[in-house]
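A look at the structure
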Amino acid sequence: MQRRLELWREEWERQQTGKEAQAAAGEGPHPIKITLPDGRIIDTSSSTTPLQVAASISEGLAREVVVARVNGELWDASRPLEQDCHLELLKGAGVFWHSASHLLGLAIEREYSPATGEHAESSAKVQLCDGPALSDEKGGLGASTEDFAELEKRVEAFAKEKRQFERMTVSRDFALQMFAYNDFKREIIEAIPAGEELTLYKCGEFIDLCRGPHIPHTGLVKGFKLVKVSGAYWKGDSTRPLLQRVYGIAFPKKELLKEWLTLQATLYCFLQEEAAKRDHRLIGKKQGLFMFHQWSPGNAFFLPPGAKIYNKLMNFVRDEYRVRGYQEVITPLVFNKELWETSGHWQNYKDDMFAVTGASHAHGHDHGHAREGHSCAHHHHSPSAGKEEVMGLKPMNCPAHCLIFSGGHYSYRDLPLRLADFGVLHRNELSGALTGLTRVRRFQQDDAHIFCAEDQIESEIGGCLDFLRKVYSIFGFEFAVQLSTRPEKYLGELALWNKVASRAEDALKQSLSRFGHSWRINEGDGAFYGPKIDIEVTDALKRKHQCATIQLDFQLPLRFGLKYQGLDDAYHTPVMIHRAIFGSVER
């Protein structure tokens, strides 16, 4: 902590000296024009902050302002304005919680510090990871609910000190030096694209890599409560370190915290009663719809009444397929490992697949017809004849549909090609994650893949969204929509993502805007092969479940060498759209 502070002071002083030199050379602050939402214009100097603008309007407004929006960008209320701008003064609950998470980070570091904390033996293991509002991830603490009281006292003490949040833009090298002790922070820094601005925030002795913005000072946090701890793998990857999440809630008034605690206690009792009444596992047993058995965990047995419902759901979708131009196919259940290596699933999804082995037998079956000028990525003979070969039960249908496309000859006149598949899928879910029909190991999807030209993306996505609206309106579902962009762990070349996927994201945004339903962006949560649209439905207890999905894919067509003949007689690579409306029929 002391070394961090020294580095901060040295860099801060260096930057201040540079600003003073600029001012002396006539490059310093200059008058700027601030336009407020009501059209009022304020002329002032560039050293003016949004908080000072609020104070010039009224003291009451200045007390309520938490953050600002400057030319559409969220901005610290205490950060000086730099140029002519449109200014909005906001209250911003998310910023409030984010700032409270920094207080929690400081409390954890102090609690586990060898000089001041009660857990000196753990101090060498403490590395804070990242702390977005509502999902703080803290690593290596070994903390428990027994530690909550002491951590809460520390947070309350820091809040009363009214510590300000200071912001500083730094270079990548400086940030790596600042967090040389923290493997997680260094990984985050190294993943930030070159040229993107890196900012640090300091609050007292706590310094963190953070985009901001933050509340003007910690004194605005009046009520704070830690609620639970849980485990989480770094980046959601079970091969990475196991971390610990610490969850808390913060309020600008103590009265609001008291009201929240009372409401939580009431809601908990109510939800426990309602959840017991509506538990689909109990309903399924009572009505004789389905059952489970210990000899096949995570795999549902659908009894005659349940099978009727299951088939009714699939036939409903089949009827829609006929009027929407989909063609149903049936594909194998098991494929050689080489297929999954070609698709990239073996490298990125192997732990979630069921692998089987068996002696390979030579065979002479016809595998399709490769056309001139087009090399298929799949093999036309057993790749390991006479040897024990590793096979994988399919967790999804997309590679099989790629094989179908590669085995034919398609031109631009055949696109879009919409292939639908109710094939049985298997995923090796952890036993602790299995919850009735909402998460199973064996399931069927109303799965389909659309092969289209790039200029058909927007219309095809529009068709998928229309399909989704039709189905969900019939079932009376409320749903939320989000657009998930490129993840940290992606497949293929970054240049392709930057070039093609950015255009695809624009097409998705256009389709969503025309859809007419509210939506939000979920940065960095896309599939490893492309951006996607996720849809969450709300159940009777207002819990959210991810069901439908619409995903763009530029990688599988490349990996399987898929081509169609264009109007120019040249061969082009199609775009692949993965989509499901129910998600799984079980769910």
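Computed from a prediction, not measured in an experiment: that's the story for all the values here. (Residues numbered from 1 in each chain as written. Predicted model: local features only at pLDDT ≥ 70, side-chain atom pairs only at ≥ 80, totals over all residues. Heavy atoms only, no water.)

If you trace the three strands from one edge of the open sheet to the other, you get β8-β9-β10, paired in antiparallel fashion. Two strands in the sheet have a free side with no partner beyond their single neighbour: β8 (165-170) and β10 (206-209). On average, adjacent strands in this sheet sit at an angle of 25 degrees to one another, irrespective of strand direction. When strand β9 (residues 198-203) meets β10, the two strands line up antiparallel, connected through four bridges. By the bridge assignment, Cys 203 is partnered in β10 with Phe 206. Set on the sheet, helix α1 (residues 2-24) makes contact with β8, β9 and β10; between it and β8 the angle comes to about 70 degrees. (Pairing = 2+ DSSP bridges. Helix = DSSP H or I, 4+ residues; strand = E, 2+ residues; numbered from the N terminus. Axes fitted to C-alpha atoms, helices over the stretch in contact; angles between N-to-C directions. Contact = heavy atoms within 4.5 Å.)

Right, let's talk about the confidence of the model for the protein chain for a bit. Any region with low pLDDT has predicted coordinates that should not be read closely. Put simply, the protein chain has an average pLDDT of 82, and 84% of its residues get 70 or more. A low-confidence stretch, residues 132-141 (pLDDT under 50), is modelled with 42 contacts involving residues beyond four sequence positions or located in other chains. Residue range residues 363-382 is modelled with pLDDT below 50. Its contacts to residues more than four positions away, or to other chains, number 35 contacts. (pLDDT = per-residue confidence, 0-100.)

Scanning the model with the defined rule gives 24 salt bridges in all. Glu 11 is paired through a salt bridge with Arg 14; the nearest N and O atoms lie 2.7 Å apart. Highlighted residues: Glu 11 and Arg 14, both in helix α1, separated by three residues, approximately one helical turn. Given the relative accessible area of 10%, Glu 11 is considered buried. Here Glu 429 makes a salt bridge to Arg 439, at a shortest N to O gap of 3.2 Å. Taken together, the residues span a long stretch of sequence, with Glu 429 in the loop between β20 (424-426) and β21 (442-452) and Arg 439 in the loop between β20 and β21 at a distance of ten residues. Residue Glu 429 is classed as buried on the basis of its relative accessible area of 17%. Using a relative accessible area of 33% as the deciding quantity, one classes Arg 439 as partly exposed. Through salt bridges with shared partners, a single network forms among Glu 320, Arg 324, Asp 466 and Lys 470. (Salt bridge = Lys/Arg side-chain N within 4 Å of Asp/Glu carboxyl O. Buried < 20%, exposed > 50% of the residue type's maximum accessible area, 1.4 Å probe, protein only.)

Let's shift gears to the nonpolar core. If you look at the biggest cluster of nonpolar residues, it comprises 41 residues, and the most contacted ones within it are Ile 461, Tyr 472, Ile 533 and Leu 552. Mapped onto this core, the elements with two or more residues apiece are α10 (304-324), β21, α14 (457-475), β22 (479-484), α15 (494-515), β24 (532-538), β25 (544-553) and β28 (575-584). At eight residues, α14 tops the list of elements feeding residues into this core. Once residues within four sequence positions are removed from consideration, Ile 461 is found in contact with Leu 508, Ser 511, Ile 533, Ile 550, Leu 552 and Ile 577. Core analysis: the next-biggest nonpolar cluster, separate from the first, contains 29 residues, Val 66, Leu 151, Ala 159 and Val 221 among them. (Core = buried A, V, L, I, M, F, W, Y, C linked by side-chain atoms within 4.5 Å.)

Axis angle and axis distance: for two packed helices, these are the angle between their axes and the distance between the axes, and together they describe the pair. Running from N to C, α10 and α14 cross one another at 145 degrees; their axes reach a closest spacing of 12 Å. Considering only the axes of α10 and α14, their crossing is right-handed. Across the interface between the two elements, Leu 313, Phe 316, Val 317, Glu 320, Tyr 321 and Arg 324 of α10 pack against Gly 463, Asp 466, Phe 467, Lys 470, Val 471, Ile 474 and Phe 475 of α14. Residue classes in the contact of α10 with α14 are distributed as eight nonpolar, one polar and four charged. (Left-handed = near helix turned anticlockwise from the far one by under 90°. Nonpolar A, V, L, I, M, F, W, Y, C, P; charged D, E, K, R; others polar.)

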